[in-house]
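In case you want the letters, here they are:
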Amino acid sequence: MFDGLSDRLAGTVQKLRGEGRLTEANIQDALRDVRRALLEADVALPVVRSFIDEVKTQAMGEAVLTSLKPGQVFISIVQRELEKMMGQSNEALDLSAQPPAVVLMAGLQGAGKTTTVAKLAKYLKQRENKKSLLVSCDIYRPAAIEQLHTLANQIEAEFFPSTTEQKPEAIARAAVDYARKHFFDVVLVDTAGRLHIDTEMMTEIQSIHAAVKPVETLFVVDSMTGQDAANTARAFDEALPLTGVILTKTDGDARGGAALSIRQITGKPIKFMGSGEKVDALEAFHPDRVASRILGMGDVLSLVEEVQQKIDHKKAEKLAKKVSKGKNFDFNDLKEQFEQMQNMGGMAGLLEKLPGMPGMAEKLKGKVDEREMRRMVGIINSMTPKERKFPDIIKGSRKRRIAQGCGLQVQDVNRLIKQQIQMRKMMKKMSRGGMAKMMRAMKGGGGLPPGMGGSGGLGF
Amino acid sequence: MFSFIKRKSRKVDSSTTPANTRSASRQEDHNTGSVQSSASASESKPVGLSSSLAKTRRGFADSMADFILGKKSINAAMIDDLETRLLSADVGMDATSTIIDALHNNLSRKAINNEAALHHTLAEVMKLILQPCEQALILDENTRPFVILVVGINGTGKTTSIGKLANFFKQQGKSVLLAAGDTFRAAAVEQLQEWGKRNAVPVVAQGTGADPASVIFDAVESASSKKIDVVIADTAGRLHTQDNLMEELKKIKRVLAKIDPNAPHETLLVMDAGFGQNALHQAEQFHHSIGLTGLAVTKLDGTAKGGILFSIAETLKLPVRFIGVGEGINDLRPFHADEFVEALLE
Ligand SMILES: Nc1nc2c(ncn2[C@@H]2O[C@H](COP(=O)(O)OP(=O)(O)OP(=O)(O)O)[C@@H](O)[C@H]2O)c(=O)[nH]1
Ligand SMILES: Nc1nc2c(ncn2[C@@H]2O[C@H](COP(=O)(O)OP(=O)(O)OP(=O)(O)O)[C@@H](O)[C@H]2O)c(=O)[nH]1
Ligand SMILES: [Mg+2]
Ligand SMILES: [Mg+2]
């Protein structure tokens, strides 16, 4: 989640860093960028407006304008406001009621309610040693009850059976009675997915709510929701006294608009986020950490700076020009890139500069290997200048000669050629798309050597 | 939005589906009085429905109507306002620019000087964008079984759409078999089996944990021997970022090609309209990994959605085969660009 937004914000801050001081003009520019980045991430318009106003007021403050580190100051304002937007600090479930504490789930179709019920039961058992009863009031979706039953078995939680002939309200009531008699700590009530404009279904969930008086009424929302996230959240919040939100499917690459809007729109905290299909993929939601993740903070910025410092600017600029013109990326360029990377202390060194992003570091690790890089430079070295410039002429006999020249196999040569073709494609894409812009934004040009980012870029 | 489409298509043929009670009753209940008779879902036109729509129109349609009807003369500021509205209906930057540019051109040529003209031009521009995507899924008579592989992100509506598709093809007199290729999610097989029952069509399944490719292979083999016309294969929801799961889909395609080099004859991505621009990127990635031949866009019965269709048309250019407008067995319709735009702007 948030990859696109992170890219954009990193670019903005980097631009500011190049400026000596913050002025009204460059703050305006930066804010325009931030505004656009947020809108493109599907953050709701009113939320964007108030965010921009707040950042602007603070950035125009005396202390900020006279600061010698404008980028730093600006980013800390943005960080603070992002945290505020999402609610400052984590709010846990409040299950301190007279047991059984009832938790009611609500949300659109397919948001992840049923899966989340199982995740919560497991979480509560492991973290708080609470015994939960699971019950499904979804009498509509085929096999919905069966789905919860299966999940309950998986996590070894008790399941309260229901049938599609019953009324949802009656099911919920019976489950709570049963839980009271059998000393359960928590009853987790799953409900059918429903549209907020379906008045009949909204009335149904209101009556379930009235029947079991949950201490927690959680709105489950898919982090991939687009512009509609704010509307649906508002509608559910108006229909039900929500106590919190659970954001699902954050393991995808959603733009994150829902995550950033919902707190402001409803005033209700995001309590958890789902990060996978498995029953243990549930995490407490910490706005501050999420904000840091969005901004990549010092980690990535210092990495960018380091790359800029160590990279050979002339060569890098030449490449950037070539790429942005859509020219072919040949073996000479590839070799240069490999050498640049070695200058920077190689991948291992670079990866260490990516703390906060363990996932990313892992991904990169799989893709680039130090020894492999040296071998590839060896292969390129045994090519003729013509072959380096026109990679497409490298066919059978040439491949054999090159392989012999560097003491490797033809397969190794093939692999390198394949990689070169891939990079060429990627470069083509970059020249068309956003990467080129990003590279330009990183003043000295250059950017990161290819092969490091994969097709998705580094993701900051 | 699109409530009219849904309402019309819903005049529910309870005759064919005795098992369809829950879903059908849930929907019939709150629509009694508006249920219409005659005409199959595919041929109904939104003629004369505007009055019955007045109460249910929401989101995009509402704001557009307010926008267009609320102002007397047209100026550039209004067009900027329109831009914001398009963006917040998930139309996306690119498609919005296309629409706005076209309007600007007309505006500067003074071709638009009143609200009726704006409405008309807007509709025309939007239709032009969508029309190329209107390509119905046509079964090749000589291909039997015609294999449809259904893929998509978690929870977008694949299994439900398969249930609706089975009904759609049965109504055309085709025999249908379903393959329970989601062997991962809890009760996914049971869910598909229930749809099989509702449609009275066979479901080939091996149960949770089985190899999806082998389930689907078996299903196609079995359909061949029974001379069944259409096989629709369900798959587990997956994120486009999960390389191993995308590999699994490639494997399914490879295995199918062993039976018939042209199978699957349709690789249908089911997209959730509510995902907005996220859906666009997802579709691009699926297309890149496994090659798609068509799209089904679901959950268009919600609000403020539907703008994503314009982004699809602008950037993806894949055929939009069907739109999903509800949870019932009849709530799937072939996509018609003009009708869709009329519904948006109604
Ligand atoms: N990748 C990922 N998938 C998830 C997550 N949470 C749920 N899912 C998947 O999303 C799909 C829908 O989940 P369900 O739990 O059935 O959703 P629901 O809200 O109960 O759906 P309805 O009852 O039909 O409204 C399933 O395929 C789940 O496995 C998550 O955090 N990450
Ligand atoms: N309102 C509405 N709901 C829909 C539509 N299509 C599907 N749904 C609902 O969306 C939810 C998820 O649908 P499924 O068919 O289970 O989705 P799926 O893609 O198979 O999900 P996974 O297999 O878990 O990835 C169910 O509650 C469906 O009833 C539609 O067009 N409109
Ligand atoms: Mg459910
Ligand atoms: Mg499914």
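Residues numbered from 1 in each chain as written. Chains lettered and ligands numbered in written order. Predicted model: local features only at pLDDT ≥ 70, side-chain atom pairs only at ≥ 80, totals over all residues. Heavy atoms only, no water.

(A) Spotlight on the overall build of chain B. Helix and strand counts for chain B come out as 14 helices and eight strands. Relative to its 346 residues, chain B shows a buried fraction of 59%. On chain B, roughly 12900 Å² of surface is accessible, and the fraction owed to carbon and sulfur atoms is 50%. (Helix = DSSP H or I, 4+ residues; strand = E, 2+ residues; numbered from the N terminus. Buried < 20%, exposed > 50% of the residue type's maximum accessible area, 1.4 Å probe, protein only. Areas by Shrake-Rupley, 256 points an atom, 1.4 Å probe, with all protein chains shown as cover.)

(B) Spatial organisation of the pairing of strand S1 (residues 146-151) of chain B. Residues and elements named next belong to chain B. The element S1 is largely enclosed, with a buried count of six among its six residues. Side chains Phe 146, Ile 148 and Val 150 of S1 all project onto a buried face; the interleaved residues Val 147, Leu 149 and Val 151 project onto the opposite face, where all are buried too. Summarising the sheet, S1 and strand S5 (residues 266-272) pair through four bridges and their orientation is parallel. Across the sheet, residue Val 151 finds its bridge partner in S5, namely Leu 269. (Pairing = 2+ DSSP bridges.)

(C) Fine view of the site of ligand 1. Close to ligand 1 lie 23 residues, the nearest being Gly 112, Lys 113, Thr 114, Thr 115 and Arg 141 of chain A. Around ligand 1, the neighbouring residues derive from chains A and B rather than from a single chain. Gln 147 of chain A places a side-chain nitrogen or oxygen 3.0 Å from an oxygen atom of ligand 1. A distance of 3.4 Å is found between an oxygen atom of ligand 1 and a side-chain nitrogen or oxygen belonging to Asn 154 of chain B. Looking at the shell around ligand 1, the element that brings in the most residues is helix H6 (residues 113-128) of chain A, giving four residues. (Near = heavy atom within 4 Å. Polar contact = N/O pair within 3.5 Å; in protein donor to acceptor, adjacent residues only side chain to side chain.)

(D) Main features of the sheet that holds strand S8 (residues 332-334) of chain B. Residues and elements named next belong to chain B. The mixed open sheet is built from eight strands, whose spatial order is S3-S2-S4-S1-S5-S6-S7-S8. Looking along the sheet, the strands with just one partner apiece sit at the ends: strand S3 (203-204) and S8. Sheet analysis places S5 next to strand S6 (residues 294-298), joined by five bridges and oriented parallel. Bridge pairing links Leu 268 to Gly 294 in S6. Those strands touched by helix H9 (residues 188-199) are strand S2 (176-181), S3 and strand S4 (230-235), and its axis lies near 170 degrees from that of S2. Docked against the sheet, helix H10 (residues 212-225) engages S1, S2, S3 and S4, running at close to 165 degrees with respect to S2. (Contact = heavy atoms within 4.5 Å. Axes fitted to C-alpha atoms, helices over the stretch in contact; angles between N-to-C directions.)

(E) How the structure looks around the site of ligand 2. Taken together, 23 residues lie around ligand 2, and Lys 158, Thr 159, Thr 160, Arg 185 and Glu 327 of chain B are the ones closest in. At the site occupied by ligand 2, the surrounding residues belong to chains A and B. Gln 109 of chain A places a side-chain nitrogen or oxygen 3.5 Å from a nitrogen atom of ligand 2. Take Lys 299 of chain B: an N or O atom from its main chain is 3.0 Å from an oxygen atom of ligand 2. Out of a free accessible area of 650 Å², ligand 2 has 96% covered by protein chains.

(F) Quick look at the sheet that holds strand S6 (residues 244-248) of chain A. Residue and element names in this part refer to chain A. Strand order across the open sheet formed by eight strands is S3-S2-S4-S1-S5-S6-S7-S8, with mixed pairing between neighbours. Two strands in the sheet have a free side with no partner beyond their single neighbour: strand S3 (158-160) and strand S8 (282-284). Put simply, the sheet's adjacent strands are angled 25 degrees from each other on average, direction ignored. Across the sheet, helix H7 (residues 144-154) is in contact with strand S2 (132-136), S3 and strand S4 (186-190); its angle to S2 comes to roughly 160 degrees. Each of strand S1 (101-106) and strand S5 (216-222) touches helix H9 (residues 199-212); the most contacted strand, S1, lies at about 175 degrees to it.

(G) The arrangement of the side chain of Lys 119 of chain A in detail. Residue and element names in this part refer to chain A. Mapping Lys 119 onto the fold places it in helix H6. Within the buried set, Lys 119 has no salt-bridge partner at all; the shortest N-O distance to an opposite charge, 6.7 Å, is to Asp 251. Only 3.1 Å separates the side chain of Lys 119 from the backbone oxygen of Ala 281, close enough to count as a polar contact. Not counting chain neighbours up to four residues away, the residues in contact with Lys 119 comprise Gly 274, Ser 275, Gly 276, Lys 278, Val 279, Ala 281 and Leu 282. (Lys, Arg positive; Asp, Glu negative; His and termini not counted. Salt bridge = Lys/Arg side-chain N within 4 Å of Asp/Glu carboxyl O.)

(H) The nonpolar core, seen in detail. If you look at the biggest cluster of nonpolar residues, it comprises 151 residues, and the most contacted ones within it are Leu 260 of chain A together with Ile 99, Leu 309, Phe 310 and Ile 312 of chain B. Two domains each put at least three residues into this core: domain 1 (3-86) and domain 2 (101-302) of chain A. Not counting residues up to four positions away in its chain, the partners in contact with Leu 260 of chain A are Phe 2, Leu 5, Leu 38, Val 43, Val 47, Leu 82, Met 85, Met 86 and Ile 294 of chain A. (Core = buried A, V, L, I, M, F, W, Y, C linked by side-chain atoms within 4.5 Å. Domains from an automatic or database assignment.)

(I) Here's a closer look at the packing of helix H1 (residues 3-18) of chain A against helix H12 (residues 287-295) of chain A. Residues and elements named next belong to chain A. Running from N to C, H1 and H12 point in directions that differ by 65 degrees, and their axes come no closer than 7 Å. In this structure, H1 uses Leu 5, Ser 6 and Leu 9 to contact H12, whose residues at the interface are Arg 293, Ile 294 and Leu 295. Residues that form the contact of H1 with H12 fall into these classes: four nonpolar, one polar and one charged. (Nonpolar A, V, L, I, M, F, W, Y, C, P; charged D, E, K, R; others polar.)

(J) Representation of the confidence of the model for chain B in the model. All names here are of chain B. For chain B, the average pLDDT comes to 79, and 75% of its residues sit at 70 or higher. Note on residues 1-59: pLDDT is under 50 here. Beyond four places in sequence and across chains, it has 111 contacts. Predicted complex metrics record ipTM = 0.82 and pTM = 0.76. (pLDDT = per-residue confidence, 0-100.)

(K) Here's a closer look at the interface of chain A and chain B. In this complex, chain A contributes 40 residues to the contact, which on the side of chain B involves 41 residues. Summing the contributions of chain A and of chain B, the shared interface buries around 3500 Å²; its carbon and sulfur component is 54%. Broken down residue by residue, the surface that chain A buries against chain B is led by Pro 142, Met 224 and Glu 277 of chain A, which jointly contribute 18%. Taken together, chain A and chain B are joined by zero salt bridges. The interface formed by chain A and chain B contains eleven residue pairs in polar contact (both at pLDDT 80 or more). Counting residues per element, the ones that place at least two in the side of chain A that touches chain B are helix H2 (24-40), H7, H9 and helix H10 (228-239) of chain A. When residues in the side of chain A that touches chain B are grouped by element, the largest group, four residues, is from H7 of chain A. Across the side of chain A that touches chain B, the residue classes break down as eleven nonpolar, 13 polar and 16 charged. (Buried area = accessible area lost by both parts, 1.4 Å probe.)

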